[in-house]
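Here are the chains, one letter per residue:
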Amino acid sequence: MKNIFNILVLIPTLFFAVSCEQGIDPITKVDPGPDGAAPVIIVKTPAQGYEIKVPELVSPVNISFEVTDDIELGNISVKFNGTELKNYSPADYKDYRRFLDQVTYDNVGFGNHTITITASDLTGKTSTKNVAFSKVSPYSPKYNNEVFYMPFEGDFMEMISFKDAAKVGNPTFAADGLQNSKAYKGATDSYLKFPIDAFKKNEFTIGLWVKVNATPDRSGILTVGASANSRNEGFRLFREGSGTQQRIKLNVGMGTGESWNDGDVVDPRTGEWVHIAFTVTATENTIYLNGAPVRTSTMSCPISWAGCSEIVIGSGGPTFSYWDHKSDLSKYDEIRIFNKALTVEEIQKIISDDSPYLPKYSGEIFYMSFEGSYKDMVTNIVANKIGTPDFATCKKGKAYAGAADSYLTFPAVRLKNNAFSAVFWTKINAVPDRAGILVMGPEDPANPTAQNNRKSGFRFFRENNGGKQIFKLNAGNGTADTWFDGGAAATVDPAPGNWVHMAFTISATECVFYINGEVAKQGSFGGISWDGCDLLTIMSGAPRFTGWSHFSDLSLMDELRIFNKALTQAEVRIIMNNEK
C-alpha cells in the first residue's frame, strides 16, 4: 500500500517536470570570446587635485573606486604614496567583471599625496590609475586684524573659523576666478549666510572682488540687518543702475537713524574684476573702488548691531530685499573682513597681493595707472608726493590731477637703460603756459635756484606757441644736449579739452616723439647718458629743470608706462588703441 502511495505522488511530479521542459531551450555554455581589453579603473573619491582643508594634523581620506573588465578581473591593488593598503583577488568578487569598494586611510598628513590603483585581468593585461590630491595647512590670517576670509575655492568655507556658510537656493562657482581659480557665482533667489560675531565692533573693514553682472539692474551685495522694517541697524552694501553704469552704495544704521553713502560707478561692460571695499568708524564710512576712496559719509554715532546676527552674501536677503535689492548674479572672490578701519595703503596692499600686475607689453618696466594711488604697479613702489597733487575722474577710472607746486618723484635706478620709451595720456591745462611733464636729469650745482643741466638724461615739456601748446624733447649724451623741437606736428590746441596720447623713444641712434600715434619729431641722437640722474619727476620740471620756468603742470595725466626699449610706431599705436 505504501509503495502504491509513493508511486501516486511521483507521477504528478514527473508530469510537472516534463511540462516545464516543453518550449524552453536547454542551458548551454556560451564562449565569451577573446579577452581584448585591459581593466577600466574609475576613482570616484578623492577627485584629482582635491584639497583637504581641516585643522587636524592627520585626517582620513575615503578611496572609493570601480574596476571593470570585458571578460574577468584578476588582482586589484590599492596603494597610498606607494604603500599598499589592500589587495584583492577573484575570490573577493561577487561579479567577476565588475568590482566596487571603498578603502579608508586614516593617517593623511599635510602635503601632496598620490593614490595608485592597479588592476589586471586573467590574461595578464594591466591598468593603473593615479590620483593626486593634497592636504593643506589651516589658513592663518594674512593681515593684521583679519577675522574673516572666504576664497570660494570650490566650497563656501570661511577659512579662519573653518566653518561653512549656510547656503540658500543654488549659488554655484565660476571657473574664472581672480587668479584663474574658482569664484562665487550668484543665482536667482540664492545667497549665503554666516555669523558676524567676529566683527561686531564700532569700526571694521570689508573688501571683496566683484565682476559685475548688470542683470538684474540692482541687487544686494553684502547685508547685515535686524529686520525688514528697519535700516537703523547693521549695514547694506548694494548696487543700482544700468547696463553701462552700476553705482556702488552703502547704508549704515546708527540705532536712531541711518547714514547714506552714494559711492561711485563702475562700468559692467568691461567684464573686469573690481575691488570694492568700505570702512566704518564711529564717525564716518568710506567706499573704495580699486583702492581709491570715492566717497565718505559722516555718522552722528557708531553703527548699531542690535538684533543683528548674520551677514548675507550675494543678496539683500530677508532684511533688504525691498526696492528689488534681491540676489546678485555677479561673481565674487576673496572676501576679507577686518575688525578695524584699514588705511588706504593697507587696502591697496591687499589689492596688490590678490592681483599682482603683470606687464602687459614687451619691455614694460613701469606702469602708473593713477587709480587712487601713485604706485608703480610693476614694482609696487609708491612715488614720493610733493605738494598736493590729486586725482580726477577720467574716461576710465581715475587720473593724476596736477596742482601748483606739486609733482611726483620716483627712483630712477631701474629706468636707466640704453633704450628708453615713455607713453601716457594727457588732457592739457594751458595755465600755466609752460610746464615740465617728465624729467630725468642731473643736478646743476652752478644754478641751485634755476636748475638747467642738460648734459645727461632727458626733459619732455610743453610751452605756449601762439595760444596753442608745443611739445619738446631734450636729451643729453654726457657732453652736450640735443633738441627735438616739433613744428605744427608737435603743437596741440588745448581748447577742445580732448585727451591726447603722447609717446617718446630714445635709442642709441635717434629720438622720436609721437602725438596721437603720429610722428611729431624725429632726429639722430648719439645715445643717452644717465650720469647724475637719480630720480624721475612726473608732471613738473622741478627739481632738476626749472631754469626756464618749467614748473608744475596742472594738466591731467593717465596710464603712464615706461619701457626699456625704443618702441616702434606700430607698438605706440597698439598701446594707444588698446586704451582708447
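This one's a predicted model, so the numbers in the text were calculated from it and none came from an experiment.

Calculation notes
Residues numbered from 1 in each chain as written. Predicted model: local features only at pLDDT ≥ 70, side-chain atom pairs only at ≥ 80, totals over all residues. Heavy atoms only, no water. Salt bridge = Lys/Arg side-chain N within 4 Å of Asp/Glu carboxyl O. Helix = DSSP H or I, 4+ residues; strand = E, 2+ residues; numbered from the N terminus. Buried < 20%, exposed > 50% of the residue type's maximum accessible area, 1.4 Å probe, protein only. Polar contact = N/O pair within 3.5 Å; in protein donor to acceptor, adjacent residues only side chain to side chain. Contact = heavy atoms within 4.5 Å. Core = buried A, V, L, I, M, F, W, Y, C linked by side-chain atoms within 4.5 Å.

Asker: I tried to follow the pattern of salt bridges on my own but got confused; where do I start?
Answerer: Charged atoms that come close allow side chains of opposite charge to pair. As enumerated under the stated definition, the model contains 30 salt bridges in all. Across the pair Arg454 and Asp481 runs a salt bridge whose closest N-O atoms are separated by 2.7 Å. Here Arg454, found in the loop between β34 (434–440) and β35 (458–465), pairs with Asp481, found in strand β37 (residues 481–485); they are 27 residues apart in sequence, far enough to count as distant. Its relative accessible area of 19% is what places Arg454 among the buried residues. Asp481 sits in the partly exposed class, given a relative accessible area of 25%. In this structure, the salt-bridge partner of Arg573 is Glu518, at a minimum N-O distance of 2.9 Å. On the criterion of sequence distance, the pair formed by Arg573 in helix α3 (residues 569–579) and Glu518 in strand β41 (residues 518–524) is long-range, its members being 55 residues apart. Judged by relative accessible area, Arg573 falls into the partly exposed class, the value being 33%. Three or more residues joined by partner-sharing salt bridges are found here, namely Asp433, Arg434, Glu463, Lys472 and Asp485.

Asker: Quick question: what am I supposed to make of the side chain of Lys211 here?
Answerer: Mapped onto the elements of the fold, Lys211 is located in strand β16 (residues 204–211). One polar contact links Lys211 to Asp176, side chain to side chain, over a distance of 3.3 Å. Each residue touching Lys211, except ones within four places of it in the same chain, is listed here: Asp176, Gly271, Glu272, Trp273, Ser330 and Lys331.

Asker: Help me out: how do you make sense of the nonpolar core in this one?
Answerer: Generally speaking, soluble globular proteins have nonpolar side chains that are buried together. Ranked by internal contacts, the top residues of the largest apolar core, which has 45 residues, are Phe420, Leu438, Phe458, Phe504, Ile538 and Met557. For Phe420, the contacting residues outside a window of four places in its chain are Leu415, Met440, Phe458, Phe504, Thr505, Ile506, Trp530, Ile562, Phe563, Lys565 and Ala566. Judged by nonpolar contacts, the second largest core, of 42 residues, contains Ile196, Val212, Val224 and Val252.

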